[in-house]
Amino acid sequence: MHQDERRGMKQRVKQKSWLAALAFSAALSLTGTQALASENGSSFYLLGSKGPMAGVVPAPGLYLQNDVYYYTARADASQSLPTGGQVAVGLKAQALINLPTLVWSTPYKLLDGRLALGLTLPYGHQYIDADLVLGPYAGDTTSRVTTLGDPVVTGTLGWQNGSYHWSLVGMVNVPAGHYRGNSMSNIAFHRWGADVSMAGTWYDPAVGWDISGVVGVTFNGNNPKTNYRTGTEWHLEAAVSRDIAGPGTTLGAIGYYHQQISDDSGDGAVLGGFRGRTAALGLTASHAFKWENTPIQARLKVLREFNTRNRVEGTAVYLTLSLPFHD
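This is a predicted model, so every value here is computed, not measured.

Draft legend 1. Region of interest: the overall build of the protein. In terms of regular secondary structure, the protein is built from 1 helix and 19 strands. Expressed as a percentage of the 327 residues in the protein, the buried residues total 51%. Partitioning the intrachain contacts of the protein with sequence separation of at least 6 by distance along the chain shows that 66% fall at a separation of at least 24. Taken as a whole, the protein presents about 14,000 Å² of accessible surface, with 61% of it coming from carbon and sulfur.

Draft legend 2. Fine view of the packing of aromatic side chains. Scanning the model with the defined rule gives 4 aromatic pairs in all. Aromatic pair Tyr69 and Tyr318: ring centres 5.1 Å apart, planes at 35°, arrangement tilted. In this pair, Tyr69 is assigned in strand E1 (residues 61–74) and Tyr318 in strand E19 (residues 313–324), connecting sequence segments 249 residues apart. Look at Tyr318 and you get buried, because its relative accessible area is 0%. On the basis of an interplanar angle of 85° and a centroid distance of 6.3 Å, the ring pair of Trp104 and Tyr108 is categorised as edge-to-face. Residue Trp104 is classed as partly exposed on the basis of its relative accessible area, which comes to 36%. When the ring centre of Tyr318 is taken as reference, the NZ or CZ atom of Lys301 above it lies at 4.8 Å.

Cut-offs applied
Residues numbered from 1 in each chain as written. Predicted model: local features only at pLDDT ≥ 70, side-chain atom pairs only at ≥ 80, totals over all residues. Heavy atoms only, no water. Helix = DSSP H or I, 4+ residues; strand = E, 2+ residues; numbered from the N terminus. Buried < 20%, exposed > 50% of the residue type's maximum accessible area, 1.4 Å probe, protein only. Contact = heavy atoms within 4.5 Å. Areas by Shrake-Rupley, 256 points an atom, 1.4 Å probe, with all protein chains shown as cover. Phe/Tyr/Trp six-rings, centres within 6.5 Å; stacked < 30°, edge-to-face > 60°. Lys NZ or Arg CZ within 6 Å of the ring centre and 35° of its normal.

Quick look at the structure:
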């Protein structure tokens, strides 16, 4: 290999190491905040939050990221959904949530895997409208809120062997956000939740292809305000993308599948087991650039849901800006 070719390959790998770090930060920050609480026909785990470079843990350092998440959805006019201790029919929802995240990829290793920690503090707005609400607050068919959500703490162990990257990710939702009882709209969940996922990525900078996947299980605690416990859920996500116009600019396809694998329970589960499922397909694009010598990655993801049961069905849009906290 000529010297110029070796130099070019080295530069591509160096650029991709930054992008891997930023993509990992994106994966941490988006996990754990959904447009609706899980008993409202959606999940604590934010579906579609993972994507390219999902299995990569970056080099040691601090990373800062800001995500803007927009979700618009509705349920079939004949579909009843439990929401805020009530039952809503013909539910329509919109959410715009900002998720700043700090990620620390530590210099420490456990089981020969690099340890990384993350903290997300969501803040946003949600609007919900229903054709009919059954319960003590039947007159309230429209609800909106702008407030703080629950903090989400994430821990990751990551390994690498050449072009192969894989990681074990655990996250916990801490019920410390602002929750309004007897309200259809809430950013916070008012309950503990946990998710355990395994992520993998194959990326070879010489060919520019990224193939990533994530599989995980979500465990839901009881909401003491509504006495509702959502059943255990299973999720699968996949992404295939390719470098275009050089490293740092990518285009690809993404998707996910979600299935609830145990029944809802508690006095608030008036609709019974109410197991939900949904699937989605979409596109993603990213571009890396520098601002005053600071590397930044911008990523856009758009996903459309289908094959939905016992959940709202909609479209999710993610806009992510990621950067190292310091150089």
